[in-house]
Amino acid sequence: DIFQAGRDQGSRCAWGDKPWVQTTAEPSMFFNAWEWCRHERDPVMRLETGLAHYNQDLVYDAKKTTYVWSPYAMTHAWLMRDHLADRLRAFKDNPPDLRRHMVGWASGNCQDHRAQIFRALQRASNRGWRTGRVDELGRDGAVHALGACEHNVRWSSSDEYPPRGTKPWELYKDYRWVLALENSAEPGYVTEKLVNAMASGAVPVYYGDSRAARKVFKRGTFVDVLEIWRLKGHVPGDPEVPGSPPTEADWDVIADYVVTIDRDPDLYAKFFAHSNALNEEPESEVYEDAVKFEIGVDYPNEPFPQIDRPVLEQIGPDAGATREAVWRLRDLFREKLDERDAWELRRANGSKAAKH
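Remember, it's a predicted structure, so these values are computed and weren't measured experimentally.

Caption draft 1: Up close: the sheet that holds strand β1 (residues 21–24). Judged by pairing direction, the sheet is parallel, and its three strands sit side by side in the order β1-β2-β3 without closing on themselves. The sheet terminates laterally at β1 and β3 (66–69), the two strands that pair on one side only. With strand direction ignored, the average angle separating the axes of adjacent strands in the sheet is 20 degrees. Contacts from helix α12 (residues 321–332) reach β2 (45–48) and β3 within the one sheet, and its direction differs from that of β3 by about 125 degrees.

Caption draft 2: Up close: the layout of surface pockets. In this model, the largest pocket occupies a volume close to 770 Å³. In terms of lining residues, the largest pocket is bounded by 30 residues, among which Ala106, Thr166, Leu171, Tyr172 and Asn196 are the most central. Of all the secondary-structure elements, those providing two or more residues to the lining of the largest pocket are α2 (72–79), α5 (168–171), β6 (175–181) and α6 (192–199). Its residues assigned to classes, the lining of the largest pocket comprises 18 nonpolar, seven polar and five charged. For the second largest pocket, the calculated volume is near 350 Å³. Considering the residues around the second largest pocket, the lining is formed by 15 residues, among which Ser210, Leu226, Glu227, Arg230 and Val291 are closest to the centre. A per-element tally of the lining of the second largest pocket places helix α8 (residues 225–231) first, with four residues. Among the residues forming the lining of the second largest pocket, the class breakdown is seven nonpolar, two polar and six charged.

Caption draft 3: Main features of the pairing of β6. Counting buried positions along β6 yields seven of seven residues, so the element is predominantly enclosed. Bridge analysis of β6 against strand β7 (residues 203–207) gives five bridges, and the strand direction is parallel. Bridged to Leu181 within β7 is Tyr207. A crossover connection joins β6 to the parallel β7 through α6; in handedness this β-α-β unit is right-handed.

Caption draft 4: Region of the structure containing α12. Between the first and last C-alpha of α12 there are 17 Å, a value that for twelve residues agrees with the 16 Å anticipated at 1.5 Å per step. Among all positions of α12, only Ala321, Thr322 and Ala325 are buried. The buried side chains of α12 occupy one side of the element, clustering within an arc of 100 degrees when seen end-on. Here the buried face of α12 lies against β2, β3 and α11 (311–314).

Caption draft 5: Fine view of the environment of Gln122. Tracing the backbone through its elements, the reader meets Gln122 in helix α4 (residues 112–128). Gln122 gets classed as partly exposed once you look at its relative accessible area, which sits at 27%. Separated by 23 residues in the primary sequence, Gln122 and Arg99 place their C-alpha atoms 18 Å from one another. Here Gln122 is in contact with Val143 and Asn152, once residues within four sequence places are set aside.

Caption draft 6: Examining the state of the cysteines more closely. Considering all chains together, one arrives at one disulfide under this definition. One disulfide bridge connects Cys110 with Cys149, the sulfur atoms lying 2.0 Å from each other. Residues Cys110 and Cys149 share a disulfide whose torsion about the S-S bond is about -100 degrees; that sign makes it left-handed. Here Cys110, found in the loop between β4 (101–105) and α4, pairs with Cys149, found in the loop between β5 (143–145) and α5; they are 39 residues apart in sequence, far enough to count as distant.

Caption draft 7: The nonpolar core, seen in detail. By size, the foremost hydrophobic cluster in this structure holds 37 residues, and its most contacted members are Leu84, Leu194 and Phe217. The set of elements that each furnish at least two residues to this core consists of β3, α2, β6, α6 and α7 (210–216). It is α6 that contributes the most residues to this core, five residues altogether. When sequence neighbours within four positions are dropped, the list of residues in contact with Leu194 reads Ala180, Pro204, Tyr206, Ala213, Phe217 and Phe222. By size, the runner-up hydrophobic cluster in this structure holds 32 residues, among which are Leu121, Ala124, Val205 and Ile228.

Caption draft 8: Structural context of the environment of Gly208. Tracing the sequence through the fold places Gly208 in the loop between β7 and α7. On the accessibility criterion, Gly208 (1% relative accessible area) is buried. Through-space distance from the C-alpha of Gly208 to that of Val225 is 8.0 Å; in sequence the pair is 17 residues apart. Those residues in contact with Gly208 that lie beyond four places of it in its chain are Glu182, Ser184, Ala185 and Leu226.

Definitions and limits used
What you see as residue numbers is a count from 1 along each chain, following the sequence as written. The predicted nature of this model means local features are confined to residues of pLDDT at least 70 and side-chain atom pairs, given and counted, to a pLDDT of 80 or more, with totals for whole chains, interfaces and linings taken over all residues. Where side-chain values are given, they derive from all heavy atoms of the structure, hydrogens and water being excluded. Two strands qualify as a pair provided DSSP detects at least 2 bridges between them. Strands here mean DSSP runs of E at least two residues long; helices mean DSSP runs of H or I at least four residues long; both are numbered from the N terminus. Only the contacting stretch of a helix is used when fitting its axis, a line to C-alpha atoms as for every element, and angles between N-to-C directions run 0 to 180 degrees. Throughout, a residue-residue contact means that at least one pair of heavy atoms, one from each residue, lies within 4.5 Å. Buriedness of a pocket was judged along seven lines, with at least five required to meet protein on both sides within 12 Å; pockets are open sets of points on a 1 Å grid over the protein atoms alone, cavities are sets where a 1.4 Å probe fits but cannot get out, and lining residues have an atom within 4 Å of a point. Grid points are joined across faces, edges and corners, and a volume is the space filled by probe spheres set on the points. Classification convention: Asp, Glu, Lys, Arg as charged; Ala, Val, Leu, Ile, Met, Phe, Trp, Tyr, Cys, Pro as nonpolar; all other residues, Gly among them, as polar. Exposed residues in this analysis have more than 50% of their type's maximum accessible area, buried residues have under 20%, and partly exposed residues fall in between, with area computed by a 1.4 Å probe over protein chains only. Look down the strands so they point away from you; if the path from the first strand over the helix to the second goes clockwise, the crossover is right-handed. What a helix is expected to span follows from its residue count: subtract one and scale by 1.5 Å. Think of the arc as the fan of directions from the helix axis to the C-beta atoms. Note on disulfides: each one is a pair of cysteine sulfur atoms within 2.5 Å. Side-chain atoms within 4.5 Å are what join buried Ala, Val, Leu, Ile, Met, Phe, Trp, Tyr and Cys residues into a set we call a nonpolar core.

What is shown is where atoms sit, not what they do.
As C-alpha cells, then:
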C-alpha cells in the first residue's frame, strides 16, 4: 500500500517529489493528503467527482493544479450505453408505459428525504390510483421499495431482497418510474443512481444537482425535482427556517406531479421523445437565467469522459480544464511521447518502403 509505505518512511510520501494526481471520491470530503504523507509539490491535476471544491483557493492552487470534473455518472453511462443510447430498441420487448407497477426503488442508505418522497408517492398513488385498482392495460399504482429502506415487497418467493449485482433493467423491469435520489443536491455530484434508473428503461425521478445532470442526460428524459419546484414557484423547506430541507408538503408536490403524468399516456410518452437519452453535446445545453451554470465559473469542463466522442473534441480550444490537463500531462511525459511519435513515424515509413 503506497500510503502505508509513506507512513513507514516517516511523513514523506513514498514517491518523493515526483508529479502526482489527486483524486477524490466524495465531493464534500476535504481531501487532506498530508494526513497520509507529505507531498513535495502540488498535484498536477485534481480529478473530482463533484464541484464542491471548484475555485476554492484554500483547497488547491489553480496556477499549479488543474481541476477536472469527472462525475461517477460518466463511467457508469459508458458501461450501460447500450441501454441508454437507443432506448426504443433496448426496451422494445418491455415498453416502459405498459409495465405493471408504477414506482420502484431500491436503496440500503436510508435518509429522511428518500423516505419522505417514497411515502409521498404512496399517498399520491392512493389518491390518483386508489389502492388495488388495475387499469384496462393491467397496470397499477403500486409504489415498491425493494431494498432495505422502506422495504415493502419481497423480490421473490425465495429472496427478500434483489441479489447483489442485479442489473437495473432486470431490477426495475416491472416499473414505469424509478427513484434516483442523491445523498444531497451536492454541486456537480451526479452518480450511478441516475444512470441505473435511466438504464432500466423507466423514467427516473431525480433529486440532486440537475444542472449537472443535464450535462449527462438530455433535458426532458427524467423528472427534475428541483426544476418542478422552480416552475411551480414552490420554494422547498420550512419558510421560517431558511436553508432547511424539503418538507413532507414539498415532496407531495412532486408525487402529485408524477401520478398525474402516469395517468396520462401522452404526457408520459414525452419523456421518450429522445431515444438516445445521453447528451451528446453538453456544451450546447442552454440554461435559464434562474439556473446559471457557466463553464469557467460554475464548472471547469464538460463532464469527462464523454460517451462515443473523439477525445480530440473533448480537449479542443473550448474544452476548458480537460484541454489544460492533457497538455500538462503531455509536458510531463514529453520525452516518452516524442520517442513514441518517432517510433510510429519510423514504422509508417518502413511500411511505405515495403510497399514500393
